[in-house]
Amino acid sequence: MALDLASPLLPGSCFMVLVSLASVARAMVGMASGATHAALTQHFAAAGSNAADISAKADSRERATSIIGSLLGMAFTHHMAGGQGVGQWGGGRVERPQVTCGGAMHWTAAY
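Residues numbered from 1 in each chain as written. Predicted model: local features only at pLDDT ≥ 70, side-chain atom pairs only at ≥ 80, totals over all residues. Heavy atoms only, no water.

A. Expanded view of the overall build of the protein. Check the secondary structure of the protein and you find four helices and zero strands. Taking all 111 residues of the protein together, 14% fall into the buried category. For the protein, the accessible area works out to roughly 7,900 Å², and carbon and sulfur atoms hold 68% of it. (Helix = DSSP H or I, 4+ residues; strand = E, 2+ residues; numbered from the N terminus. Buried < 20%, exposed > 50% of the residue type's maximum accessible area, 1.4 Å probe, protein only. Areas by Shrake-Rupley, 256 points an atom, 1.4 Å probe, with all protein chains shown as cover.)

Okay, here's the thing in structure tokens:
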């Protein structure tokens, strides 16, 4: 996520390389997360009897956190833009550091 946030700060030639590296890193983290999810669920399950319940609760908590983080990020960006669209990088009040800060806050809240 940090690579994604840093990509607009680099020149155009480095942008695609950095975004590609971020995508590969995200895929590796996703594989590691999926591989350890079952082991952690079994560890926290009481004698293996409620593993499905724990897994369902963890998944729903993760989904709710992601949705709330997205909503807060959109509200923050809308507030910083003063009700205007975010696409006005040069003319509006929203600048790249503010959007990067909002993305970092969303990433921190979600994970």
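B. Structural view of a nonpolar patch on the surface. There is a patch of nonpolar side chains on the surface, built from L3, V17 and L21 and spanning about 250 Å² of accessible area. A relative accessible area of 34% places L3 in the partly exposed class. (Patch = residues over 30% accessible without salt bridge, like charges linked within 9 Å, V, L, I, M, F, W, Y side chains within 5 Å. Salt bridge = Lys/Arg side-chain N within 4 Å of Asp/Glu carboxyl O.)

C. Quick peek at the confidence of the model for the protein. Looking at the protein as a whole, the pLDDT averages 76, with 74% of positions reaching at least 70. The secondary structure element of the protein with the lowest average pLDDT is helix α4 (residues 96–110), at 66, and the one with the highest is helix α2 (residues 12–44), at 84. (pLDDT = per-residue confidence, 0-100.)

D. Spotlight on the pattern of salt bridges. Counting across every chain of the model gives one salt bridge. Among the salt bridges present, the one from K57 reaches D53, with a minimum N-O distance of 3.4 Å. Highlighted residues: K57 and D53, both in helix α3 (residues 51–81), separated by four residues, approximately one helical turn.

E. Just the side chain of T41, in detail. Position of T41 among the secondary structure elements: in helix α2. Taking relative accessible area as the criterion, T41 reaches 8% and is therefore assigned buried. There is a polar contact of 2.8 Å between the side chain of T41 and the backbone oxygen of H37. Excluding residues that lie within four positions of it along the chain, T41 makes contacts with A51, I54 and S55. (Polar contact = N/O pair within 3.5 Å; in protein donor to acceptor, adjacent residues only side chain to side chain. Contact = heavy atoms within 4.5 Å.)

F. View of α2. For α2, built from 33 residues, the straight-helix expectation of 48 Å at 1.5 Å per residue is met to within 8% by its first-to-last C-alpha distance of 47 Å. At H37, α2 is deflected by roughly 30°, the largest bend along its length. Residues of α2 that are buried include every one of L18, A22 and T41, and no others. (Expected span 1.5 Å × (residues − 1). Bend = angle between axes of the 7 residues up to and from the residue.)

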